[in-house]
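Residue-level structure breakdown
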Amino acid sequence: MKALLINGSPHAKGCTYIALSELAKTLEAEGIEAEILHVGHQDIRGCIACGKCRETGKCVFDDVVNIAAEKFAQADALVIGAPVHYASPAGDAISFMDRLFYSTGIRNLTMKVGASVVSCRRGGNTATFDALNKYFTICGMPVASSQYWNMVYGNTPEEVRQDKEGLQTMRTLGRNMAFLMKSIALGKAQLGLP
């Protein structure tokens, strides 16, 4: 089984990466392959709703979104990690998710596990968490949860490493995701998809 973790932060090894790395370690300990794909540093334009993806099966803008779409098709779960910028997800993370979900809407995403991970200095975390989870719920993807909202606090990677509760939340999320992914695989084998 495989989980694709998207780093929507402009900083490759920043706060969001620390959270995603903790999650990846836990998933791998549970026997789930985890890949972190950094997209937040790239120039990702927004979706223009041209509809070409309905004809070609991929986004007309051939960039990291199409690379991620191929990986997403092979994955059992998708995690979007994003920092808070002005009380909402970083803009490139939203542009990425808009295009990814618009262009893969022709594929069946039902029962792929989704989760969002948020990093913030102080505020805007729950609004960001809410915005990111809506991508999953519109596509029939079960959303994995933890013991608290999937977020870490800190203005620097070192501060996030000191957020013991946030890192524990990532570990719990990883265990819950692994259980949900394995349970869905068992159910799919025995009952098929809904």
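Right above here is the structure, for reference.
Here's a quick rundown of the structure. This is a predicted model, so every value here is computed, not measured.

**Details of the nonpolar core**
Grouped together as the largest cluster of nonpolar side chains are 30 residues, with contacts concentrated most on Ile-6, Phe-72, Leu-78, Phe-96, Met-97, Leu-100 and Phe-101. If you list the elements that add at least two residues to this core, you get strand S1 (2-7), helix H3 (64-74), strand S3 (77-85), helix H4 (91-103), strand S5 (113-120) and helix H5 (125-137). Ignoring anything within four residues of it in the chain, the contact list for Ile-6 reads Leu-20, Leu-37, Val-39, Leu-78, Val-79, Ile-80, Gly-81 and Phe-96. In terms of nonpolar packing, the next biggest core, distinct from the first, is built from 26 residues, Ile-32, Val-113, Val-117 and Met-181 among them.

**What about the environment of Val-64?**
In this structure, Val-64 sits in helix H3. Taking the relative accessible area as the measure of exposure, Val-64 reaches 4% and is therefore buried. Separated by 11 residues in the primary sequence, Val-64 and Ala-75 have C-alpha atoms spaced 16 Å apart. If sequence neighbours within four positions are ignored, Val-64 has contacts with Leu-37, Val-39, Gln-42, Ile-44 and Phe-96.

**Brief notes about the side chain of Lys-112**
As for its placement among the helices and strands, Lys-112 is situated in the loop between H4 and S5. The side chain of Lys-112 is buried and forms no salt bridge, while Asp-76, the nearest opposite charge, is found at 6.2 Å. Engagement of the side chain of Lys-112 in a polar contact is seen with the backbone oxygen of Phe-72, the distance being 2.8 Å. A polar side-chain atom of Lys-112 sits 3.2 Å from the main-chain carbonyl oxygen of Ala-73.

**Quick look at the packing of helix H1 (residues 15-29) against helix H7 (residues 164-191)**
To characterise two packed helices, one gives the angle between the axes of the helices and the distance between these axes. Across the interface, H1 lies against H7 with an axial gap of 8 Å and an inter-helix angle of 40°. Here H7 runs oblique to H1, going by the angle between their axes. For the pair H1 and H7, the crossing hand works out as right-handed. Judged by residue contacts, Ile-18, Ala-19, Glu-22, Leu-23, Thr-26 and Leu-27 of H1 engage Leu-167, Met-170, Arg-171, Leu-173, Gly-174, Arg-175, Met-177 and Ala-178 from H7. Of the residues that constitute the contact of H1 with H7, the class distribution is 9 nonpolar, 2 polar and 3 charged.

**Some thoughts on the side chain of Ser-9**
Examined against the element boundaries, Ser-9 turns out to sit in the loop between S1 and H1. Relative accessible area serves as the criterion here: at 4%, Ser-9 is assigned to the buried category. At 3.0 Å, the side chain of Ser-9 and the backbone nitrogen of His-11 are in polar contact. Excluding residues that lie within four positions of it along the chain, Ser-9 makes contacts with Thr-16, His-38, Gly-40, His-41, Gly-81 and Pro-83.

Quick notes on the rules
- Position numbers for residues count from 1 along each chain, tracking the sequence in the order it is written.
- Local features in this predicted model are restricted to residues whose pLDDT is 70 or higher, and side-chain atom pairs enter the listing and the counts only when it is 80 or higher, whereas totals over whole chains, interfaces and linings include all residues.
- Heavy atoms from the whole structure form the basis of all side-chain values; hydrogens and water molecules are not counted.
- Take the buried residues of types Ala, Val, Leu, Ile, Met, Phe, Trp, Tyr and Cys, join any two whose side-chain atoms come within 4.5 Å, and each joined set is a nonpolar core.
- The rule is simple: take the accessible area with a 1.4 Å probe, protein chains only, and divide by the maximum for that residue type; under 20% is buried, over 50% is exposed, in between is partly exposed.
- Helix numbers and strand numbers start at the N terminus; a helix is a DSSP run of H or I with at least 4 residues, a strand a run of E with at least 2.
- It only takes one pair of heavy atoms within 4.5 Å for two residues to be counted as in contact.
- Think of it this way: Lys and Arg go in the positive column, Asp and Glu in the negative one, and His and the chain ends go nowhere.
- Each reported salt bridge corresponds to a side-chain nitrogen of Lys or Arg within 4 Å of a carboxyl oxygen of Asp or Glu.
- Nitrogen and oxygen atoms within 3.5 Å of one another constitute a polar contact, given that in protein one can donate a hydrogen and the other can accept it, and given that sequence-neighbouring residues count only through two side-chain atoms.
- Whenever a helix is involved, its axis is fitted only over the stretch in contact; in every case the axis is a line through C-alpha atoms, and angles between N-to-C directions fall within 0 to 180 degrees.
- For classification purposes, an angle smaller than 35 degrees is called roughly parallel, one larger than 145 roughly antiparallel, one from 65 to 115 roughly perpendicular, and anything else oblique.
- In a left-handed crossing the near helix is turned counterclockwise from the far helix by less than a right angle, and in a right-handed crossing that turn is clockwise.
- Basically, the charged four are Asp, Glu, Lys and Arg, the nonpolar ten are Ala, Val, Leu, Ile, Met, Phe, Trp, Tyr, Cys and Pro, and anything else, Gly included, counts as polar.

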